[in-house]
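The primary structure of each chain is shown beneath.
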Amino acid sequence: MAITVNEQKRIFFLDGKNTTYAFMINEYNYAEHLYYGKSIGHDDITYIRGDGGGSMLAQTPAYKAQKGVFPSYDSYHQFPAEISFYGTGDYREPALEISHEDGSRIVELLYDGYDIAEEKQKPEGMPAMRGGETLILHLKDTASHFGCDLYYTVYDDVDVIARRIVYKNEGESDVRLNRAYSFTFHVPDMEYEVMTLHGAWGRERRIESIPVHHGVVSVDSKRMSSSATLNPFMALVKKGTCEEYGNVYGFSLVYSSSFVLKAEGINNGSIQITGGINDFDFSWKLQKGEKLETPEVVIAYSDEGLGGMSRIYHDAYREYLINKRFVKAKRPLVINNWEGTYFDFDNQKLKEIAEAAKGTEIDTFVLDDGWFGKRDDDFSGLGDWFVNTDKLEGGLTEVIEYVNGLGMKFGLWFEPEMVNEDSELYRAHPDYAIGVPGRVRCQSRNQYMLDLTRKEVRDYIVENVNGVLHKHHISYVKWDYNRNVTDAWSCGLTKDRQAEFSHRYALGLYDLCERIVEANPEVFFEGCSSGGGRFDPAILYYFPQVWTSDNTDAEDRTLIQYGTSMVYPLSTMSCHVSVVPNHQTGRITRMDTRADIAHLGATGYELDTTAFSDEDRECVRRQIEEYHEIEELVLDGDLYRTENPMESNYFGFMLVSKDKKEAFLTAYRRLGHANGEVKRLKVCGLDKDIYYYVKELDSTFLGATLMNVGLLPVFDKGDFKTVKYHFMSLDI
Ligand code: DGJ
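Every chain begins its residue count from 1, and numbering advances along the sequence as written. Only residues with pLDDT of at least 70 get local features here, since the model is predicted, and only at 80 or more are side-chain atom pairs given and counted; chain-wide, interface and lining totals rely on the full set of residues. The basis for every side-chain value is the complete set of non-hydrogen atoms in the structure, without hydrogens or water.

A.B. asks: Explain the overall build of the protein chain to me, please; I cannot follow it from the model alone.
C.D. replies: In DSSP terms, a helix is any run of H or I states spanning at least four residues, a strand is any run of E spanning at least two, and both are numbered starting from the N terminus. Each helix and strand in the protein chain was counted, giving 14 helices and 36 strands. Note that the radius of gyration is over C-alpha atoms, with the globule rule given as 2.2 Å times the number of residues to the power 0.38. At 27 Å, the protein chain has a C-alpha radius of gyration in line with the 27 Å of a compact globule built from 732 residues. Structurally, the protein chain occupies a C-alpha span of about 90 × 70 × 45 Å along its principal axes. In this scheme, a residue with accessible area under 20% of its type's maximum is buried, one over 50% is exposed, and one in between is partly exposed, where area comes from a 1.4 Å probe on protein chains only. Taken over 732 residues, the protein chain has a buried fraction of 62%. Taking the contacts inside the protein chain whose residues are at least 6 apart along the sequence as the reference set, 69% of them involve residues at least 24 apart. Separation of charge centres in the protein chain, based on 79 positive and 115 negative side chains, amounts to 2 Å. Contact between two residues is taken to exist if any of their heavy atoms lie within 4.5 Å; hydrogens are not considered. We count Lys and Arg on the positive side and Asp and Glu on the negative side, and we leave His and both chain ends out. Each charge is placed at NZ for Lys, CZ for Arg, CG for Asp and CD for Glu.

As structure tokens, this is what we get:
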């Protein structure tokens, strides 16, 4: 039993692998947070409740309701909240903003019982982590009969708490939710910094640290997509924390539309964290008997620094979020034609690319954008999911059969959520595109977005994408998404529900994913959004890997993959080797450096193989052979970030098997300098008592020696060079 309730003291304990989460129902029936951190006993810890920071305190109405008089001192503002609400004296960021039919905006959400489920049920129409014992705490506003259920799921083998809130209108009249966040959480002191992952196209997921202050630090997206600009993630990092030690709390939203996460320094010296669906341009009408499910937030705690937090998220998402069938299975090793041809190909060219990959151990040919409709550039064709026979004379079948005949599998690109004005779909159904009648709507990459809030639009997409997948022998799909929503409005929504658009778009997307992914259980799906523009846990629920960035330059990739690894396992990062000069940065790096960095993820190639010399082909064959030697570590190993390229001239990732019998270290030096520093490489995560044979040094060392002494790398002269070390326990 991971969930224990002290009925007398009304304290709830949720025990994870090495952690305990505790809250109480206090004397006013308010859900008051007590603790989240390393495992503790189920003792009465109510002695830690303090007050302070009071300022014009509003004495709680609940006390008056129970005792007939107002309390002299207590105010909701002073209790660390499991859900903060507005209107009765709490001036912190509320998780909920509601408007009742009479125009009043007050709720008092107080205890109304609890249930415990052995296994969590999947939220309706939304992705979430699977399994786990779940506490459902019922809260109610007696005056209006509006209520909510706070869900807490706990796992005995990983240190996360998965939380979400279901809002319920059990009153007689309609209510409007102007904000409906997923959680409220507290940390008892302010010695923390907020860490976020920000970026842009081609420069995804850079790390930024912002001091917590009195007031609110927030990250959000208003794009109706999780976005490259800010990832739906925030961590509270105790001052002085590093990769190996220090207190970290992570907050990762399982959501793909506009979100917000906020950390607020409170005047009593604590921090309140809250967030979920972005309340900007949001409102949701709940009629009598209706409920609103909010997205799950996965809260992680580690006292082993940022590295510890990342390993917790990697384990949690590999075990409980990503499709079990694929998560640890060997990945397709692809040749993708995009950077090799862009739109300029025909069936002959495709066959030549596939043919030229023969002998390299590449096992999947992926045909990217341009195979359908009248698509010769990015001005036309999106939405027309039938083959472009001007380019592919024999249709898809001929190319697929040819590729299969070479012993390779076949993958295909789609961008299901989009339409071009110059397309048969748009000519037949202009109303399928998002936009407000009478206004000129924005184009982005010359395309519009389809209104996924409407069932008939989703039906069209499902029928057409599944039509192609069912007709052909396709084992891999790259699902692209190259623009964000503008002009949000739907003819399928009544006037008073238009501000539901953002969340309804997410629900439409998840419905689409379920109907396409589930109808094709054998097909491996890769997510993509102009690279990493929608890299979030909800997408990973459907697609086990995501094209990490359109930027394939090895130097830039060290930064992108470093930041991405804060939350997401290496197995989720699709990483390709491409040509030099790199198409995005113009930089020249050697082929082995590009491969060494791309091998720290689900690797592949993206170039024109017909330009290969025999030597190149042999080089790729060797690289893939080397990749297969470490693939299990990439898919399931523990990651130790040994060198931080955002702060130094070096990048280092060390992968260690769960039983610690095998490990692999890749280190990279950005710039070579004359008479430079003598670099000592860190070695982490080994078993101190095991002897390891280090292949590249042809020597054996005790784990303790390697981890305490480190290694002295010998980088080749020049810039952008890598070294690698493979460690094998002697008793393997
Ligand atoms: C953006 C993707 O990130 C690229 O890999 C490629 O698929 C193009 N779209 C195709 O339009």
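A.B. asks: Explain the site of the ligand to me, please; I cannot follow it from the model alone.
C.D. replies: Residues are counted as near a molecule or strand when any one of their heavy atoms sits within 4 Å of it. Around the ligand, the surrounding shell holds 13 residues, and the nearest of these are Asp368, Asp369, Lys478, Asp480 and Asp550. Pairs of N or O atoms are called polar contacts if they sit within 3.5 Å, as long as, within protein, a hydrogen donor faces a hydrogen acceptor (for residues adjacent in sequence, only side-chain-to-side-chain pairs). Taking Trp413, its side chain carries an N or O atom lying 3.1 Å from an oxygen atom of the ligand. Contact with the protein chains hides 98% of the accessible area of the ligand, taken as 290 Å² for the molecule alone. Amino acids are sorted into nonpolar (Ala, Val, Leu, Ile, Met, Phe, Trp, Tyr, Cys and Pro), charged (Asp, Glu, Lys and Arg) and polar (every other residue, Gly among them). Split by residue class, the shell around the ligand holds 4 nonpolar, 3 polar and 6 charged. Here the open area of atoms and residues is found with the Shrake-Rupley method and a 1.4 Å probe, where only the protein chains shown may cover a residue.

A.B. asks: Any chance you could explain the pattern of salt bridges here in plain terms?
C.D. replies: In a structure, side chains of opposite charge can pair up when their charged atoms sit close to one another. What makes a salt bridge here is a side-chain nitrogen of Lys or Arg within 4 Å of a carboxyl oxygen of Asp or Glu, nothing more. Going through the model one piece at a time under the given rule, you end up with 66 salt bridges. The residue Arg454 makes a salt bridge to Glu456 at a minimum N-O spacing of 3.1 Å. Judged by relative accessible area, which is 39%, Glu456 ranks as partly exposed. Residue Arg497 is joined to Glu500 by a salt bridge in which the shortest nitrogen-to-oxygen separation is 2.8 Å.

A.B. asks: Would you explain the sheet that holds strand E35 (residues 699-702) in this entry?
C.D. replies: Picture the strands of a sheet paired through backbone hydrogen bonds; they go either parallel or antiparallel. Strands sit in the order E31-E32-E33-E36-E34-E35 across an open sheet of 6 strands; the sheet is antiparallel. At either margin of the open sheet sits one strand with a lone partner, and together these are strand E31 (638-643) and E35. Between one strand and the next, the sheet's axes are offset by a mean angle of 25 degrees, whatever the strand orientation. Against the sheet, helix H12 (residues 591-598) contacts strand E32 (650-656), strand E33 (662-669) and strand E36 (721-729), and its axis sits at roughly 50 degrees relative to E36. Strands were regarded as paired on the criterion that DSSP finds at least two bridges between them. Angles shown run from 0 to 180 degrees and are taken between the N-to-C directions of axes, each axis being a line fitted to C-alpha atoms and, for helices, limited to the stretch in contact.

A.B. asks: I keep staring at H12 and nothing clicks. Help me out?
C.D. replies: Each α-helix turn comprises 3.6 residues. Residues three or four places apart therefore point the same way. Taking burial as the measure, the 8 residues of H12 include 7 buried ones, the bulk of the element. For H12, the set of buried residues is Met591, Thr593, Arg594, Ala595, Asp596, Ile597 and Ala598.

A.B. asks: Is there a simple way to explain the domain arrangement of the protein chain in this structure?
C.D. replies: Those domain boundaries reflect an automatic or database domain assignment. Here the domain parsing of the protein chain yields domain 1 (3-320), domain 2 (334-416 + 466-482 + 518-636) and domain 3 (643-729). If you average the C-alpha positions of domain 2 and of domain 3, the two centres end up 30 Å apart. Facing the 23 residues of domain 2 at the interface are 23 residues of domain 3. Note: buried area is the sum, over both parts, of the accessible area (probe 1.4 Å) each one loses when the two are combined. Across the domain 2/domain 3 interface, buried area totals approximately 2100 Å², and carbon plus sulfur atoms make up 67% of it. Among the residues domain 2 hides against domain 3, the three largest losses belong to Tyr562, Arg590 and Leu633. Together they make up 31% of the total.

A.B. asks: What's the story with the nonpolar core in this structure? I'm lost.
C.D. replies: Soluble globular proteins tend to pack their nonpolar side chains together in the buried interior. To define a nonpolar core, start from buried Ala, Val, Leu, Ile, Met, Phe, Trp, Tyr and Cys residues and group those joined through side-chain atoms within 4.5 Å. Within the largest apolar cluster, 194 residues are counted, with the highest numbers of intra-cluster contacts made by Tyr167, Leu236 and Trp371. Ranked by residues supplied to this core, first place goes to helix H9 (residues 501-517) with 9 residues.

A.B. asks: Sorry, what's going on with the packing of aromatic side chains here?
C.D. replies: Think of a pair of aromatic rings as described by two things: how far the centres are apart, and how the planes are tilted against each other in angle. Centres within 6.5 Å make a pair out of two Phe, Tyr or Trp rings, where for Trp the six-membered ring is used; the pair is then stacked when the planes are under 30 degrees apart, edge-to-face when over 60, and tilted otherwise. The full count for this structure, using the stated rule, is 49 aromatic pairs. Look at Tyr36 and Phe185: their rings are 6.0 Å apart centre to centre, the planes differ by 90 degrees, and that puts the pair in the edge-to-face class. With Tyr36 in strand E4 (residues 31-38) and Phe185 in strand E10 (residues 175-187), the pair connects residues that are 149 residues apart, well separated along the chain. Across the pair, exposure class does not vary: Tyr36 and Phe185 are buried alike. Every member of this aromatic cluster is reached through a ring pair, and the members are Phe12, Tyr21, Phe23, Tyr36, Tyr114, Tyr152, Phe183, Phe185, Tyr192, Tyr249, Phe251 and Tyr301. Cation placement over rings: the criterion is NZ of Lys or CZ of Arg within 6 Å of the ring centroid and within 35° of the ring normal. The residue whose ring lies beneath Arg164 is Tyr151, and the NZ or CZ to ring-centre distance is 4.0 Å. Its guanidinium or amino end placed over the ring of Phe280, Lys222 lies 5.6 Å from that ring's centre, counting from NZ or CZ.

A.B. asks: So what exactly am I meant to see when it comes to the packing of helix H5 (residues 347-356) against helix H6 (residues 395-405) here?
C.D. replies: Relative to each other, H5 and H6 sit at 15 degrees, their axes nearing to 10 Å. Regarding the angle of H5 to H6, the classification is roughly parallel. By crossing handedness, the relation of H5 to H6 is classed as right-handed. Of the residues in H6, those in contact with Asn347, Leu350, Lys351, Ala354 and Glu355 of H5 are Glu398, Val399, Tyr402 and Val403. In what follows, roughly perpendicular refers to angles from 65 to 115 degrees, roughly parallel to angles under 35, roughly antiparallel to angles over 145, and oblique to any angle outside these ranges. By convention the crossing between two helices is left-handed if the near helix lies anticlockwise of the far one by an angle smaller than a right angle, and right-handed if it lies clockwise.

A.B. asks: Quick question: what am I supposed to make of H6 here?
C.D. replies: Within H6, the full set of buried residues consists of Gly395, Leu396, Val399, Ile400 and Val403. Considering only its buried residues, H6 is in contact with H5, strand E22 (364-367), strand E23 (409-414) and helix H8 (455-471). Once H6 finishes, Gly407 follows within two positions and takes phi at roughly 85 degrees, a positive value.

A.B. asks: Just checking my understanding: could you explain a negative patch on the surface for this structure?
C.D. replies: Two joining distances apply to patches: 9 Å for like charges and 5 Å for nonpolar side chains (Val, Leu, Ile, Met, Phe, Trp, Tyr), and every residue must have over 30% relative accessible area and no salt bridge. A grouping of Asp344, Asp346, Glu352, Asp390 and Glu393 is seen on the molecular surface, where their side chains present a negatively charged patch. For Asp344, the location among the structural elements is in the loop between helix H4 (338-341) and H5. In this structure Asp344 comes out as exposed when scored by relative accessible area, which is 65%.

A.B. asks: Where do I start with the side chain of His138 in this structure?
C.D. replies: The topology assignment puts His138 in strand E7 (residues 133-141). Polar contacts involving the side chain of His138 include one to the side chain of Asp115, which spans 2.7 Å.

A.B. asks: I would appreciate a short explanation of the pairing of strand E14 (residues 233-238) in the present structure.
C.D. replies: Working note: regular strand, side chains alternate between the two faces of the sheet. Across the 6 residues of E14, 5 count as buried, placing the element largely inside the fold. Inspection of the sheet shows strand E11 (residues 192-198) paired to E14 by 4 bridges, in the antiparallel sense. Residue pairing for E14: Glu193 is matched across the bridge by Val237. Note: E14 against strand E15 (residues 248-253), 5 bridges, orientation antiparallel. Across the sheet, residue Met234 finds its bridge partner in E15, namely Phe251.

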